[in-house]
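The lines below spell out each chain.
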Amino acid sequence: MPYIPKPIDRYQVTMDSLDTMVPWDSIARVIDCFVDHLELKEMGFTKTDPSFEGRPCFDPASLLKLYFYGYRNSIRSSRKLAKACETNIEVIWMLGGLKPDFRTISDFRKENISNLKKVFKEFVRRVTVDVDTGFVSIDGSKFRAVNSKDRNFTIMKLDDRIKWLDDHTQEYLRLIEEADKEEDSEGTLTKEELEAKLKEAQERLEKYRGYREIMEKDNLTQLSLTDADARLMKNKNGMDVSYNVQTAVSSETHLIMDYEVTNQATDHGMIAPTTEGLKRDSDKILDAVADKGYDKAEDMIVCLENGVIPHVILPDGKDEYELETDYQEADDIHPESTNSEELKKCLHAGVIPKAYEGILKDIEVVEVRRMIRNENNPKPENLYGSEEEMKARAKEGYFVRDPERDLVYCPGGNTLRKKSIKKNGVTRYANKHACFLCPYRGQCVTDRGITKWKEVDFSKDKLERPAKWYSHDNDDDSNRMDPPTPLRKRQFERVKVVRFKLKPDRKKMNQRMCLSEHPFGTLKQAMGATFFLLKGKLKTNGEFALLSMGYNLARVENLFGFGRLMQKVRG
């Protein structure tokens, strides 16, 4: 069999235009039409008014088209986009043969990063203007940041490194002293090499102590050196410095309707922030579905006040949530209204709005006894005068809290740092790295515990706790120091609250996994967007607008077809 007919002679002159080389239903034509019908000046884009002095600049519309096409086709790097301007026929057609360099392309994204979400929202508005979008499904996923784990520090990680470097510094000093006494001895390292290593260890030690001082002063839980906004988070592959991106996906169109880039490690309390933008553009009641990780009563209350019904998957054995909010008396209420202010007024007055009938039930106003919390009370004074005295007391079998630095010294000579604050105001301290090497590990940490390290809880007024495993029978009570001030007595008050039950829709909840999972799968697997290229929360928020546009462009191609889509993007 002969080969397919001979290809066109590459040296033959042909009479073709750029337009004939681009398929009639190419996504490049959709992007070109959409950007041409945008008012970029009103959206805040730079260089929309060309200057007649100096070197002419590129049209911002051309560069915006380039970015939309690039993120749709997994071309995210400015250098690769610059290469596409020379080799990709569709890009050459969109830009009319213009060839901006990589720095011009990168500067456009940097200068207009805060405007990209406005374009994303406008695209969603145009393609869904006459379409029923149904309810939204909320979910989050971790995207790696431009920050390695070696350049991310927790305060406990710094404690371990400082202790390790302290030990090495002492060892280098000992070896140098021995080298001075025995000048003729043959060691593995010369005196000059030891002094160089000592200097390097001291410099690192000073640097880490500076990081720790900054974290203690600003009360930081983590410190990232490359991307200050990124945080160390747990994902399926272990731990990575990442951002937690929340998306709201339509149940009918499967489009990403809105998103929120956060540095919060968990999803607790993220329904209201993620749906805030959607509710700002509409007065309709919005149904939002989320998994068990979003179970937070305060967040559900805020959602109901804003006109969002949170259908959070229930824990096993439960059919409804029991919620509670403060009572506020109101004379003029309108239960039939869907306005956020009226909904909030009804809920706090103990009246079920008409829009929530069948969702909320058993609403009642009750009087409860509640403890008065005064956050302005001064910290209790220290029991001991110095850090050395506190460590000495801890070695006698006590966990001693330093209220100034907000840490705890343990009997093993280690430092426990603040891990979390519980709902009742109690602070939990721990240091799992130190526990693994502690000589008292076998006595202090029991195998029956859920965690394999020691966790100690302290209230605001408590400064000392005895270790249960340590024998205090021979302690001299005359040497034991009591707190300098008596513990504050708890005060209570009687207040009115509104209690009601929220019953989520199980049919909507059953669809959640089919809605929220595949957009993230498409972004990460098909489009290769497992990480951010930019640094900082502001820039990553703008970059995810481009990623969402890329996903939505792929989705609307299959959803509407070329002809109908071209009509929609014109606005």
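Calculation notes
- Residues numbered from 1 in each chain as written.
- Predicted model: local features only at pLDDT ≥ 70, side-chain atom pairs only at ≥ 80, totals over all residues.
- Heavy atoms only, no water.
- Axes fitted to C-alpha atoms, helices over the stretch in contact; angles between N-to-C directions.
- Helix = DSSP H or I, 4+ residues; strand = E, 2+ residues; numbered from the N terminus.
- Parallel < 35°, antiparallel > 145°, perpendicular 65-115°, else oblique.
- Left-handed = near helix turned anticlockwise from the far one by under 90°.
- Contact = heavy atoms within 4.5 Å.
- Nonpolar A, V, L, I, M, F, W, Y, C, P; charged D, E, K, R; others polar.
- Phe/Tyr/Trp six-rings, centres within 6.5 Å; stacked < 30°, edge-to-face > 60°.
- Lys NZ or Arg CZ within 6 Å of the ring centre and 35° of its normal.
- Polar contact = N/O pair within 3.5 Å; in protein donor to acceptor, adjacent residues only side chain to side chain.
- Salt bridge = Lys/Arg side-chain N within 4 Å of Asp/Glu carboxyl O.
- Buried < 20%, exposed > 50% of the residue type's maximum accessible area, 1.4 Å probe, protein only.
- Pairing = 2+ DSSP bridges.
- Expected span 1.5 Å × (residues − 1).
- Patch = residues over 30% accessible without salt bridge, like charges linked within 9 Å, V, L, I, M, F, W, Y side chains within 5 Å.
- Areas by Shrake-Rupley, 256 points an atom, 1.4 Å probe, with all protein chains shown as cover.
- Lys, Arg positive; Asp, Glu negative; His and termini not counted.
- Charge placed at Lys NZ, Arg CZ, Asp CG, Glu CD.
- Core = buried A, V, L, I, M, F, W, Y, C linked by side-chain atoms within 4.5 Å.

Trainee: How would you sum up the packing of helix α2 (residues 27-36) against helix α3 (residues 60-72)? Please name residues and give values.
Mentor: Where α2 meets α3, the closest approach of the two axes is 10 Å, and the angle between their N-to-C directions is 140°. It follows from the interaxial angle that α2 and α3 lie oblique. Crossing of α2 against α3: the hand is right-handed. Contact residues: α2 offers Ile27, Ala28, Ile31, Asp32, Phe34, Val35 and Asp36, while α3 offers Ala61, Leu64, Lys65, Phe68 and Tyr69. When grouped by side-chain class, the residues that make up the contact of α2 with α3 number nine nonpolar, no polar and three charged.

Trainee: Can you tell me about the packing of aromatic side chains, naming the residues and giving the values?
Mentor: Using the criterion set out here, one finds 16 aromatic pairs in the structure. An aromatic cluster is built from Phe120, Phe143, Tyr243, Tyr259, Phe520, Phe532 and Phe544, whose rings are joined through pairwise contacts. One residue, Arg76, lies across the ring of Phe531, its end atom 5.1 Å from the ring centre. Cation over ring: Lys117 sits above Tyr259, and NZ or CZ is 4.3 Å from the ring centre.

Trainee: An account of the side chain of Gln246 is requested, with residue identities and associated values reported.
Mentor: Looking at where Gln246 falls in the secondary structure, it is placed in strand β5 (residues 238-250). Separated by 2.8 Å, the side chains of Gln246 and Asp267 make a polar contact. Excluding residues within four positions of it along the chain, Gln246 makes contact with Ile138, Asp139, Gly140, Asp258, Tyr259, Glu260, Asp267, Met270, Thr274 and Tyr294.

Trainee: An account of the pattern of salt bridges is requested, with residue identities and associated values reported.
Mentor: Under the criterion given, the structure shown has 43 salt bridges. Between Asp166 and Arg209 there is a salt bridge; the shortest N-O distance is 3.2 Å. Here Arg209 lies in helix α9 (residues 191-218) and Asp166 lies in helix α8 (residues 155-181), a separation of 43 residues in the sequence. A relative accessible area of 36% means that Arg209 is categorised as partly exposed. Asp316 is the salt-bridge partner of Lys292, the closest N and O atoms lying 3.5 Å from each other. Separated by 24 residues along the polypeptide, Lys292 in the loop between β7 (286-290) and α11 (297-306) and Asp316 in the loop between β8 (308-312) and β9 (321-326) bring together distant segments of the chain. Look at Lys292 and you get partly exposed, because its relative accessible area is 42%.

Trainee: Report on the sheet that holds strand β11 (residues 398-402), specifying residues and quantitative values.
Mentor: Read across the sheet, six strands follow the order β15-β14-β13-β12-β11-β16 without closing on themselves; strand pairing throughout is antiparallel. Every other strand in the sheet has two partners, leaving β15 (455-458) and β16 (464-466) as the edge strands with one partner each. In this sheet, adjacent strand axes meet at a mean angle of 30° when their direction is disregarded. Pairing between β11 and strand β12 (residues 407-409): three bridges, direction antiparallel. Looking at β12, one finds that Val400 is bridged to Tyr409.

Trainee: Could you give an account of helix α7 (residues 116-127), with specific residues and numbers?
Mentor: Between its terminal C-alpha atoms α7 stretches 17 Å, which fits the 16 Å expected from twelve residues at 1.5 Å a residue. Among the twelve residues of α7, nine are classified as buried, and the element is accordingly described as predominantly covered. When α7 is considered as a whole, its buried residues turn out to be Leu116, Lys117, Val119, Phe120, Glu122, Phe123, Val124, Arg126 and Val127. In the core, the buried residues of α7 are packed alongside α2, α3, β6 (256-262), α18 (537-560) and α19 (562-569).

Trainee: How would you sum up a positive patch on the surface? Please name residues and give values.
Mentor: A cluster of basic side chains, namely Arg151, Arg204, Lys207, Lys535 and Lys539, defines a positive patch on the protein surface. Inspection of the secondary structure puts Lys535 in the loop between α17 (512-526) and α18. For Lys535, a relative accessible area of 44% puts it in the partly exposed group.

Trainee: Describe the nonpolar core, listing the residues and the values that go with them.
Mentor: Ranked by size, the top nonpolar core spans 97 residues in total, and within it Phe34, Leu64, Phe68 and Phe544 carry the most contacts. In terms of residue count, the dominant contributor to this core is α18 (nine residues). Once residues within four sequence positions are removed from consideration, Phe34 is found in contact with Phe68, Val119, Phe123, Arg126, Met549 and Val569. In terms of nonpolar packing, the next biggest core, distinct from the first, is built from 16 residues, Tyr172, Leu194, Tyr208 and Met215 among them.

Trainee: Give me the lowdown on the pairing of strand β13 (residues 415-421), citing residues and values where you can.
Mentor: As paired elements, β12 and β13 share three bridges and run antiparallel to each other. Along β13, the bridge assignment pairs Leu407 with Arg417. The turn linking β12 back onto β13 is made up of five residues, and Gly413 within it adopts a positive phi angle of 85°. As consecutive antiparallel partners, β13 and strand β14 (residues 427-430) are separated by five residues, and within that stretch Gly425 has a phi angle of approximately 90°, a positive value.

Trainee: So what's going on with the sheet that holds strand β10 (residues 360-371)? Which residues, and what values?
Mentor: Taken in spatial order, the three strands of this open sheet run β9-β17-β10, and their pairing is antiparallel. Edge strands, defined here as strands with exactly one partner in the open sheet, are β9 and β10. Here the average twist between neighbouring strands, direction ignored, is 30°. In terms of strand pairing, β10 meets strand β17 (residues 492-502) through ten bridges, oriented antiparallel. Bridged to Leu360 within β17 is Leu502. Its contacts with the sheet place α11 against β9, β10 and β17, and it is angled at close to 70° to β9.

Trainee: Just give me the short version of the pairing of strand β4 (residues 231-235), but keep the residues and values in it.
Mentor: In this structure, β4 lies alongside β5, joined through five bridges in antiparallel fashion. Its bridge partner lying in β5, Leu232 is registered against Val241. Where β4 folds back on β5, the antiparallel hairpin that results is connected by two residues.

Trainee: Please provide a residue-by-residue account of the environment of Leu515, values included.
Mentor: Mapped onto the secondary structure, Leu515 falls in helix α17. We classify Leu515 as buried; its relative accessible area is 3%. When neighbours within four sequence positions are excluded, Leu515 is seen to be in contact with Phe135, Ser137, Val249, Ser250, Ser251 and His254.

Trainee: Residue-level account of unusual backbone geometry, with values.
Mentor: A positive phi is found at Lys47, a non-glycine position, where the angle reads about 60°. Relative to the helices and strands, Lys47 is located in the loop between α2 and α3. The exposure class assigned to Lys47 is partly exposed, which follows from its relative accessible area of 49%. At His254, a position not held by glycine, the phi torsion is positive, near 60°. Structurally, His254 is set in the loop between β5 and β6.

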